[in-house]
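A structural walkthrough
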There are 2 protein chains.
Amino acid sequence: MIESTPLKNVSSNINIEFDSEKQAQLIYDSILLEFETAPDYRSSMTITVEGKSIIINIDAEDSTSFRASINSAIKWIKLSLEINNLTN
Amino acid sequence: MIESTPLKNVSSNINIEFDSEKQAQLIYDSILLEFETAPDYRSSMTITVEGKSIIINIDAEDSTSFRASINSAIKWIKLSLEINNLTN
């Protein structure tokens, strides 16, 4: 099935809240590394840290690329949580 | 690996823009049917239609349930786009 064209754009902002600012910064630093080495998402994704939260904005032309971006973002977060788990 | 506890909450709002209000309403009506028969997402997900856009809000305790909700939402949208494709 080819995706129909009426879908013009899928945009989302994801707010991930942590226990502390230190936690958010730690995870943000490790995600940033992943993010910068996965350039194909860069045009459609931005990652920022604000207080206890990491905010991911995604802007995609279709649901397939939107899903790919979200899945990557979640994978990075889970990975950094696991690394954080090991180092604590 | 058990997910570390510092992650308190993942919330997101997803804005899906269509070509027309009629299109958005058509897809919304078909998604709503799916949404209402998948109650386990209901506590963490709301779906509304505003003009040309469908807006999905997700509020999850961890990234796993967040990913499940988003994947369902995208699956419903793709399905309704395909149905829409058949009926046009």
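Calculation criteria
- Residues numbered from 1 in each chain as written.
- Chains lettered and ligands numbered in written order.
- Predicted model: local features only at pLDDT ≥ 70, side-chain atom pairs only at ≥ 80, totals over all residues.
- Heavy atoms only, no water.
- Helix = DSSP H or I, 4+ residues; strand = E, 2+ residues; numbered from the N terminus.
- Expected span 1.5 Å × (residues − 1).
- Buried < 20%, exposed > 50% of the residue type's maximum accessible area, 1.4 Å probe, protein only.
- Arc of directions from axis to C-beta.
- Pairing = 2+ DSSP bridges.
- Least-squares fit on C-alpha atoms with pLDDT ≥ 70 in both.
- Contact = heavy atoms within 4.5 Å.
- Phe/Tyr/Trp six-rings, centres within 6.5 Å; stacked < 30°, edge-to-face > 60°.

Before going further, it helps to examine helix α1 (residues 21–36) of chain B. All names here are of chain B. The first and last C-alpha atoms of α1 sit 22 Å apart over 16 residues, in line with the 22 Å expected at 1.5 Å per residue. Residues of α1 that are buried include every one of Gln23, Ala24, Ile27, Tyr28, Ile31 and Phe35, and no others. Buried residues of α1 fall within an arc of 120° about the axis and therefore sit on the same side. Exposed side chains of α1 directed beyond 90 degrees from the buried face belong to Lys22 and Leu33.

This brings us to the pairing of strand β1 (residues 7–18) of chain B. Bridging between strand β1 (residues 7–18) of chain A and β1(B) involves 11 bridges; their strand directions are antiparallel. Across the sheet, the residue bridging to A:Asn9 is B:Glu17, located in β1(B). When β1(B) meets strand β3 (residues 53–60) of chain B, the two strands line up antiparallel, connected through eight bridges. In the sheet register, B:Ile16 faces β3(B), and the bridge partner there is B:Ile54.

This part covers the relation of the copies chain B and chain A. For the pair chain B and chain A, the superposition axis carries a translation of 0.0 Å, the fit reaches an RMSD of 0.0 Å, and the rotation angle comes to 180°. Such a combination of turn and shift is consistent with a two-fold rotation axis. Scanning chain B for the C-alpha nearest the rotation axis identifies B:Asn13, at a separation of 2.9 Å. A high fraction, 100%, of the interface residues of chain B reappear at the interface in chain A, so the copies pair face to face through one surface.

The next subject is the packing of aromatic side chains. Two descriptors summarise a pair of aromatic rings, namely the distance from one centre to the other and the angle between the planes of the rings. All names here are of chain A. Scanning all chains against the criterion turns up two aromatic pairs over all chains. With a centroid separation of 6.1 Å and 70° between ring planes, the pair formed by phenylalanine 35 and tryptophan 76 is classed as edge-to-face. Placement of the pair is phenylalanine 35 in helix α1 (residues 21–36) and tryptophan 76 in helix α2 (residues 63–87), with a sequence separation of 41 residues. Note on accessibility: phenylalanine 35 and tryptophan 76 belong to one class, buried.

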